[in-house]
Amino acid sequence: MEKVILAIILVILTGCNINNIPKEEVQNKNETENEVVNMKTDSERKLDLAPTITLNNGIDMPVLGIGTYSLHDDTCINSIYTAIQNGYRKIDTAYMYGNEEEVGKAVKKAINDGIIKREDIFVATKLYPNQYDNPKEAIEEALKKLDIEYIDLMLLHHPGTNDEKAYKAMEEYVASGKIKSLGLSNYYIEEIDNFLPKVSIKPVLVQNEIHPYYQERDVVKHIQDLDIVVEGWYPLGGRGHQTELLNDETLVKIANNHNRSVAQVILRWDYQNDVIVIPGSSNPDHIKENISIFDFELTEEEMKQIEVLNRDEKHDWY
Ligand code: NAD
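Now for a quick tour of the structure. Because the structure is a prediction, the values reported are computed rather than measured.

## Thoughts on the overall build of the protein
Step number 1: In terms of helices and strands, the protein carries 14 helices and ten strands.
Step number 2: In the protein, the share of contacts with a sequence separation of at least 24, taken over all contacts with a separation of at least 6, comes to 73%.

Structural data, given as structure tokens:
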């Protein structure tokens, strides 16, 4: 009885009216108290999330995500779930990684647990050249494996026979709303300039190898001048190349200046160059560390010191 009286007093005092409740809370009013708190927490925690960039089609995308190359089964699901818990809102996968299903499972688990809503997360996948012959079947397969209603971004993994045909099929899926944005990967100046006139929807993003030893400054500038976002794969040099890069004398010195790790310095350097990054990791400490780069700044001098580390040293063949 006391509780009822208290509730009535509270309603009178706050002038409670369902129209005054923010839309998000109305949408979730059937959920448990905890879930509503989580939803609110997510939007309130904006400071912990990576900033977003507006793509050339008007869609916002986080500037940092988790890469999933070589992550499989529960390791993949747990890594992505940990990443989402720690503020990641972008995931990079591909048909070739063989883990689209796990990526979808992790996203659905985070949605079911009330950490995110579908529209909070940005999932990118890629078609591989052996799929360009029969692209619609390949897109349907990706949609089915991910099973998260739509794909935020689909890329062509690298140039190959029938890449134009594959891209045009992806354009049809943009029209039907099943894919939101399109992009390319491993296309360089000549390939991009040849490809763009052949398609109707401008790619929003090109994903290429970029790290301090392989900076591709001319390619990055060319792509950015086209109002296309550049995303760097192998930001930490790629698996098997960490030892040298993460112990680089110049980078270690800069990291010490800021009391940060070398990985954080590299990811911050990309951010200050407007390059999106998708570092891969299954280690919860590294996952947390890699997104904690938005509260310090490299000086112009430090940016120049990293620029001269370039050796045009590619770590993969695409
Ligand atoms: P990466 O450069 O991100 O390095 C990953 C390695 O670094 C892992 O071994 C990880 O354990 C380690 N690592 C991660 N964070 C660390 C930290 N803070 N300190 C120390 N070590 C750390 O290489 P990657 O994952 O292969 O590449 C990133 C993503 O790019 C891939 O997961 C994939 O999504 C994408 N990719 C795309 C292409 C393409 O052709 N489009 C090619 C390769 C990779």
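## Focus on the sheet that holds strand β8 (residues 205-209)
Step number 1: Taken in spatial order, the eight strands line up as β3-β4-β5-β6-β7-β8-β9-β10 in an open sheet, and their pairing is parallel. Every other strand in the sheet has two partners, leaving β3 (66-67) and β10 (275-277) as the edge strands with one partner each.
Step number 2: Pairing of strand β4 (residues 90-92) with strand β5 (residues 122-127), which is carried by three bridges, proceeds in the parallel orientation. Residue pairing across strands places D92 opposite A124, the latter belonging to β5.

## Quick notes on the site of the ligand
Step number 1: In the neighbourhood of the ligand, 28 residues make up the surrounding shell, with G67, Y69, W233, A263 and G280 lying closest.
Step number 2: Put simply, the parts of the chain that give the shell around the ligand at least two residues each are α10 (242-246) and α13 (284-291).
Step number 3: The element best represented in the shell around the ligand is α13, accounting for three residues.

## Here's the deal with the nonpolar core
Step number 1: I80, V103, V123, I151, M154, M170 and I266 are the most contacted members of the largest nonpolar core, which totals 76 residues.
Step number 2: Discounting residues that sit within four places of it in the chain, I151 has contacts with V123, T125, A142, L143, L146, K178 and I179.

## What about unusual backbone geometry?
For residues that are not glycine, phi is negative in most cases, and the peptide bond is trans in most cases.
Step number 1: In this model, Y234 sits at a positive phi of 55°, which is unusual for a non-glycine residue.
Step number 2: Despite not being glycine, D274 shows a phi value in the positive range, around 60°.
Step number 3: With respect to the element layout, D274 can be found in the loop between α12 (262-272) and β10.

## What about the packing of helix α6 (residues 135-146) against helix α7 (residues 163-175)?
Step number 1: As a packed pair, α6 and α7 sit with axes 9 Å apart at the nearest point and diverge in direction by 50°. The pairing of α6 with α7 is recorded here as oblique in orientation. Considering only the axes of α6 and α7, their crossing is right-handed. Residues P135, K136 and I139 of α6 pack against K165, A166, A169, M170 and Y173 of α7.
Step number 2: A class-by-class count of the residues in the contact of α6 with α7 yields six nonpolar, no polar and two charged.

## Some remarks on the pairing of β8
Step number 1: With respect to burial, β8 is a largely interior element, five of its five residues being buried.
Step number 2: When strand β7 (residues 179-185) meets β8, the two strands line up parallel, connected through three bridges. By the bridge assignment, G183 is partnered in β8 with L205.
Step number 3: Read as a crossover between parallel neighbours, the route from β7 over helix α8 (residues 189-195) to β8 is right-handed.
Step number 4: The β-α-β motif built from β8, the intervening helix α9 (residues 217-225) and the parallel element strand β9 (residues 229-233) has right-handed crossover chirality.

## Considering helix α5 (residues 100-112)
Step number 1: End to end, α5 covers 18 Å across 13 residues, agreeing with the expected 18 Å (1.5 Å per residue, within 8%).
Step number 2: Within the span of α5, buried status applies to E100, E102, V103, G104, K105, A106, V107 and A110.
Step number 3: The secondary structure elements touched by the buried residues of α5 are α4 (73-85), β4, β5 and α6.
Step number 4: After α5 finishes, the residue G114 shows a positive phi value of roughly 80°.

The rules behind these values
Residue positions are given per chain, counted from 1 along the sequence in the order it is written. For a predicted model such as this one, the threshold for reporting local features is a pLDDT of at least 70, and the threshold for listing and counting side-chain atom pairs is 80 or more; totals across whole chains, interfaces and linings nevertheless cover every residue. Secondary structure elements follow DSSP: runs of H or I no shorter than four residues count as helices, runs of E no shorter than two count as strands, and numbering proceeds from the N terminus. By definition, residue pairs are in contact when their C-beta atoms, positioned from the backbone, come within 7 Å. Note on pairing: DSSP must find at least two bridges between two strands before they are called paired. By definition, a residue lies near a molecule or strand provided its backbone-derived C-beta atom is within 6 Å of it. Only buried Ala, Val, Leu, Ile, Met, Phe, Trp, Tyr and Cys residues enter a nonpolar core, and they are joined through C-beta atoms within 7 Å. In this scheme every C-beta is placed from the backbone, and a residue whose C-beta has 20 or more other C-beta atoms within 10 Å is buried, one with 12 or fewer is exposed, and one in between is partly exposed. Under this scheme, a helix contributes an axis fitted over its contacting stretch, all axes are lines through C-alpha atoms, and angles between N-to-C directions fall in the 0 to 180 degree range. Working definition: roughly parallel below 35 degrees, roughly antiparallel above 145 degrees, roughly perpendicular at 65 to 115 degrees, and oblique for all remaining angles. The sense of a crossing depends on the near helix, which, turned anticlockwise from the far helix by less than a right angle, makes the crossing left-handed and, turned clockwise, makes it right-handed. Residue polarity follows a fixed list, in which Ala, Val, Leu, Ile, Met, Phe, Trp, Tyr, Cys and Pro are nonpolar, Asp, Glu, Lys and Arg are charged, and the others, Gly among them, are polar. The handedness of a crossover follows from its direction of travel: if, with the strands pointing away from the viewer, the path from the first strand over the helix to the second runs clockwise, the crossover is right-handed. Here, expected helix span is obtained from the residue count minus one, scaled by 1.5 Å.

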